[in-house]
Amino acid sequence: MTESNTTEPLNENKNKKEISDQSEENKEQVQEKGKEKGKGKTTENKNEKTIVKEPKISMYWFVRVFARKLRNVLVPVTLTMLLVIVLIKITNQNSDTTDQFSQILIYHESSSDSNSKKFGGSLLNAVVIVGVVLVMTVFLVFLIKYNCWKIIWGWLFLSCFWLLLVFGALKMIDVCENLNLAVDWITLAFLDFNFAVVGVIVIFWHGPLKSNQIYTILMCGLVAVYLTTLPTWTTWVLLALIALYDIFVVLSPKGPLKILVEESMKNDKPIPGLIYSSIIYLFSARIKPKNSGSSSSSELNSNFNPISSPSSDSGSGSGSGSGSNNVNSLKEESSHLEKGESELEKDVENDNTLAEDNYNEKSSLLQNEERKKRRLLARRKRRRKKRFEEESGVKLGGGDLIFYSVLIGKAAYFDYETIFTCWIAILVGLAVTLFFLAVYAKALPALPISIAFGMIFFFLTKIILVPMVKQLGVDSVMT
Amino acid sequence: MDPTIPLKEEEKESVCKKMWIIGFFGLPFVWFTMACYFWKEKHPKIRFYVFWGLVGFFTELLILVFWMGIFVSKRDSWGETGESLSAVLPVGTQ
């Protein structure tokens, strides 16, 4: 789900940017002339009486911000995928590895079944899983409505801790086994305990932003690696169904996510959980957490209550719960331009009046003026840079990361070519989603487009590209 | 808490102190994150916590590395204790 904080459509934003930018640009050397599209506005330069400024392009600003946003989103997605691929390749996971997941599914896939039976069975499995997800989302909505924040925090806390502790330990042991390392229980327990505690502290309490991002990636990666152990047909049908579910839950007015977001916004309490945030808001005073509240709340969904409970546990519903976000949202963080602009205009006024008043002492005044202008210019540049960075901040839901990585994980079972094509397809889907986000400026589901592209390209590559490449290789050897 | 809202000045000292205390429960990596988070602070108490947290972190890291070295090399000669301590038995050894 992609969401923008400003409810104004994009155009008004652009106009505002133009006005403020023009007053700034007067003082700056504009080198990007080639890309500029003049709008023919003669700006009332309240400040500089000297320079005739170039009409500033908001188009350029828009493109730069979009590119920055895209980079902020692609990096975590790519890193999660990389983690999943590395873990899968090191532990030699393939379609034969079954995990706890397979034991709780209704239909157990076996290669001797006919295609239609497999399809029917996996559809049943996927429907059950999505149903569970829906139930957990609704449950979460109720908890929020009745203000049971302690329960929510406790549940999320426990499930994240459990996830990091247990899944982390299992994966560490798997990796050590495959790399033939001798590890003892003491070291393993120590490192695992540290890993889990630091993760929980950084996500649910305070910690450097980079650590928060890294742990979000790690958590989503771990969940994705375990999800890829589902039987093949079930995984693909599940992916398709989750994409559809995402559309419904984010866009429809009755969707639990919408309600979740509204409720959370009303109370102004963000739901903690797996959201990847790309920047810290420097002007925290002027940016109300309303946006962060909505974004975090929308991410949350518990996907795994039955599924991720490891074989040891039974009744401990603690485990799995909300470890993952099923609701996939990409939230766009847009800065509040109004206040920023008024600040700039105030500076402009000051400069103006100063210049008019002390007209007599010209020489010293000129020096003062010069210094003041330079300082103003520097300050404006810094503010502009901060605003630029804030505008290119994005929040990405954990569920997105998980399901993209599951798709890549399934592609990793097969071949390297499928990995590459699926990766590119997903990134293109993300770019398209971001574009729509900028255009529509409201909550949009981030999953469907990327997953659709990913699945199409996976099957195309598997059926057409790989045999072709193999045949070409064989031919060049033979002839 | 929302990671996009930076810490306020008043809260920094209490957060630092809590992380310092948590680190004493066999969690040197919490000291490490505390150091990363509060590296640029100038408040004397925070600098105290950060400095000694880093000292503790490196000490425990050294102990860990020593223990791992000892374990990896002497595991075979320890017989039963060695085996019961191992979480992973590498293939190709007795």
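Small disclaimer: the values here were computed from a predicted structure and weren't measured. Each chain carries its own residue numbering, running from 1 in the direction its sequence is written. A letter from A marks each chain and a number from 1 marks each ligand, given out in the order of writing. Reporting in this predicted model follows two pLDDT cut-offs: at least 70 for local features of residues, and 80 or more for side-chain atom pairs to be given and counted; totals over whole chains, interfaces and linings ignore these cut-offs and use all residues. For side-chain calculations, the full set of non-hydrogen atoms in the structure is used, while hydrogens and water are omitted.

Moving on to the overall build of chain B. Helix and strand definitions here come from DSSP, where helices need a minimum of 4 consecutive H or I residues and strands a minimum of 2 consecutive E residues; each element is numbered from the N-terminal end. From N to C terminus, chain B includes four helices and zero strands. In chain B, the succession of helices and strands from N to C terminus is α-α-α-α. In this treatment the radius of gyration is a C-alpha quantity, and the globule benchmark scales as 2.2 Å times the residue count to the 0.38 power. For chain B, the C-alpha radius of gyration of 19 Å lies well beyond 12 Å, the compact-globule estimate for 94 residues. With respect to the principal axes defined by its C-alpha atoms, chain B has extents near 60 × 25 × 20 Å. Each residue is assigned to one of three classes by its accessible area relative to the maximum for its type, calculated with a 1.4 Å probe on protein chains only: buried under 20%, partly exposed between the two thresholds, exposed over 50%. For chain B, with 94 residues in total, the buried portion stands at 36%. In what follows, a contact means two residues having at least one pair of non-hydrogen atoms within 4.5 Å. Taking contacts inside chain B between residues at least 6 apart in sequence as the whole, the part at least 24 apart equals 37%.

Here we take up the overall build of chain A. Per the secondary structure count, chain A includes 15 helices and four strands. Across the 479 residues in chain A, those meeting the buried criterion constitute 54%. Long-range pairs, those at least 24 residues apart, make up 81% of the contacts in chain A with a sequence separation of at least 6. Surface exposure here means Shrake-Rupley accessible area, sampled with a 1.4 Å probe, where a residue is shielded only by the protein chains that are shown. Of the roughly 21300 Å² of accessible surface on chain A, a fraction of 63% belongs to carbon and sulfur atoms.

Let us now look at unusual backbone geometry. Of note, the phi angle at Asn 92 of chain A is positive, near 50°, even though the residue is not glycine. Of note, Asn 92 of chain A is situated in the loop between helix H2 (58–90) and helix H3 (100–104).

Another point: helix H3 (residues 44–74) of chain B. Taking 1.5 Å per residue as the helical rise, H3 of chain B with its 31 residues ought to reach 45 Å, and the 45 Å between its terminal C-alpha atoms agrees with that figure. Every buried residue of H3 of chain B is accounted for by Ile 46, Tyr 49, Val 50, Gly 53, Leu 54, Gly 56, Phe 57, Leu 64 and Phe 71 of chain B. One less than the number of residues in a helix, times 1.5 Å, gives the span that helix is expected to have.

Right, let's talk about the UniProt feature "transmembrane region" (unreviewed entry) in chain A for a bit. Residues and elements named next belong to chain A. UniProt positions are given in the numbering used here, feature names are shortened, and annotations may be inferred rather than shown by experiment. The UniProt record annotates "transmembrane region" (unreviewed entry) at residues 73–91, 123–144, 151–173, 185–205, 217–250, 418–440 and 447–469. Strand forms 0% of residues 185–205 and helix 95%; the C-alpha atoms that close the span are 29 Å apart. Helix and strand shares over residues 447–469 are 100% and 0% respectively, and the end C-alpha atoms of the span are 30 Å apart.

This next bit is on the pattern of salt bridges. In the sections that follow, a salt bridge refers to a side-chain nitrogen of Lys or Arg positioned within 4 Å of a carboxyl oxygen of Asp or Glu. A complete count under the given rule lists four salt bridges over all chains for this structure. Here Glu 369 of chain A makes a salt bridge to Lys 373 of chain A, at a shortest N to O gap of 2.7 Å. Here the residue Glu 369 of chain A and the residue Lys 373 of chain A both occupy positions in helix H12 (residues 362–391), the gap between them amounting to four residues, near one helical turn. Classification of Glu 369 of chain A by relative accessible area gives buried; the value is 14%. The partner of Lys 12 of chain B in a salt bridge is Glu 41 of chain B, and the shortest N-O contact between them spans 3.1 Å. Placement of the pair is Lys 12 of chain B in helix H1 (residues 9–22) and Glu 41 of chain B in the loop between helix H2 (28–37) and H3, with a sequence separation of 29 residues.

Turning next to the UniProt feature "transmembrane region" (unreviewed entry) in chain B. All names here are of chain B. Within the UniProt annotation, "transmembrane region" (unreviewed entry) is assigned to residues 20–39 and 51–72. The span residues 20–39 shows a helical share of 65% and a strand share of 0%, and its end C-alpha atoms are spaced 14 Å apart. Annotated as residues 51–72, this span is 100% helix and 0% strand, and its ends, taken at the C-alpha atoms, are 32 Å apart.

With respect to the helices, strands and loops of the structure, Ala 189 of chain A is situated in helix H6 (residues 185–204). Separated by 184 residues in sequence, Ala 189 of chain A and Lys 373 of chain A place their C-alpha atoms 60 Å apart.

Let's shift gears to the packing of aromatic side chains. Residue and element names in this part refer to chain B. Think of it this way: a Phe, Tyr or Trp ring, Trp meaning its six-membered ring, pairs with another when their centres are within 6.5 Å, and the plane angle makes it stacked under 30 degrees, edge-to-face over 60, tilted otherwise. Tallied over the full model, the rule gives 27 aromatic pairs over all chains. Geometrically, the ring pair formed by Phe 51 and Trp 52 is edge-to-face, given 5.2 Å between the ring centres and 75° between the ring planes. By relative accessible area, which is 49% here, Phe 51 ends up partly exposed. Note on Trp 52: relative accessible area 43%, which makes it partly exposed.

The next thing to look at is the packing of H2 of chain A against helix H13 (residues 398–414) of chain A. All names here are of chain A. Fitted lines through C-alpha atoms give the axes, limited to the stretch in contact for helices. The angle between two N-to-C directions lies from 0 to 180 degrees. Contact geometry of H2 with H13 gives a least axis separation of 9 Å together with a crossing angle of 40°. Taken together, the axes of H2 and H13 lie oblique to each other. When the axes of H2 and H13 are compared, the crossing they make is right-handed. Between H2 and H13, the contacting residues are Pro 76, Val 77, Thr 80, Met 81, Val 84, Ile 85, Ile 88 and Lys 89 on the first element and Leu 401, Tyr 404, Ser 405, Ile 408, Gly 409, Ala 412 and Tyr 413 on the second. Gly is placed with the polar residues, together with every amino acid not listed as nonpolar (Ala, Val, Leu, Ile, Met, Phe, Trp, Tyr, Cys and Pro) or charged (Asp, Glu, Lys and Arg). Partitioned by chemical class, the residues of the contact of H2 with H13 number 11 nonpolar, three polar and one charged. Roughly parallel means an angle under 35 degrees; roughly antiparallel means over 145; roughly perpendicular covers 65 to 115; every other angle is labelled oblique. Working rule for handedness: look at the near helix, and if it is turned counterclockwise from the far one by less than a right angle, call the crossing left-handed; if clockwise, right-handed.

Any residue with relative accessible area above 30% and no salt bridge may belong to a patch, with like charges joined within 9 Å and the nonpolar Val, Leu, Ile, Met, Phe, Trp and Tyr side chains within 5 Å. On the surface, Ile 456, Phe 457, Phe 459, Leu 460, Ile 463 and Ile 464 of chain A cluster together to form a nonpolar patch covering roughly 570 Å² of accessible area. Of note, Ile 464 of chain A is situated in helix H15 (residues 447–478).

This part covers the nonpolar core. Only buried Ala, Val, Leu, Ile, Met, Phe, Trp, Tyr and Cys residues count toward a nonpolar core, and they belong to the same one when joined by side-chain atoms within 4.5 Å. Ranked by size, the top nonpolar core spans 104 residues in total, and within it Val 77, Leu 239, Tyr 404, Leu 407 and Ile 451 of chain A together with Met 34 and Phe 38 of chain B carry the most contacts. Setting aside its immediate chain neighbours within four residues, Leu 239 of chain A contacts Phe 403, Val 406, Leu 407, Ile 451 and Met 455 of chain A. Ranked by size, the runner-up nonpolar core spans six residues in total, among them Ile 173, Val 183 and Leu 188 of chain A together with Ala 87 of chain B.

In this section: the interface of chain B and chain A. With 35 residues of chain B at the interface, the matching set in chain A holds 39 residues. A simple way to read buried area is as the amount of 1.4 Å-probe accessible surface that goes missing from two parts once joined, with both sides added. Surface buried jointly by chain B and chain A totals about 3100 Å² across both partners, of which 73% is contributed by carbon and sulfur atoms. Here a polar contact means two N or O atoms within 3.5 Å. Within protein one must be a hydrogen donor candidate and the other an acceptor candidate, and residues neighboring in sequence count only if both atoms are side-chain atoms. Counting the contacts that link chain B with chain A gives four residue pairs in polar contact (both at pLDDT 80 or more). If you list the elements that add at least two residues to the side of chain B that touches chain A, you get H1, H2, H3 and helix H4 (80–85) of chain B. Considered class by class, the residues forming the side of chain B that touches chain A number 25 nonpolar, five polar and five charged.

The next subject is a positive patch on the surface. On the surface, Arg 371, Lys 372, Arg 374 and Arg 375 of chain A cluster together into a positively charged patch. By secondary structure assignment, the location of Arg 374 of chain A is in helix H12. In this charge count, Lys and Arg are treated as positive and Asp and Glu as negative; neither His nor the chain ends contribute. One atom stands in for each charge, and that atom is NZ of Lys, CZ of Arg, CG of Asp or CD of Glu.

All names here are of chain B. In what follows, a disulfide is any cysteine sulfur pair within 2.5 Å. Summed over the entire model, instances satisfying the criterion amount to zero disulfides over all chains. Here Cys 16 stays unpaired: no disulfide links it, and the sulfur of Cys 36, its closest cysteine neighbor, is 12 Å away. For Cys 16, a relative accessible area of 0% translates into the label buried.

Here we take up H1 of chain B. For an α-helix, 3.6 residues make a turn, and residues three or four places apart therefore share a direction. The end-to-end C-alpha separation of H1 of chain B is 21 Å, in line with the 20 Å expected for 14 residues at 1.5 Å each. Regarding H1 of chain B, the residues found buried are Lys 12, Val 15, Cys 16, Met 19 and Trp 20 of chain B. One face of H1 of chain B carries all of its buried residues, which in axial projection span an arc of 140°. Turning to H1 of chain B, the residues buried within the fold contact H6 of chain A together with H2 and H3 of chain B. To be clear, the arc concerns the directions from the helix axis to the C-beta atoms.

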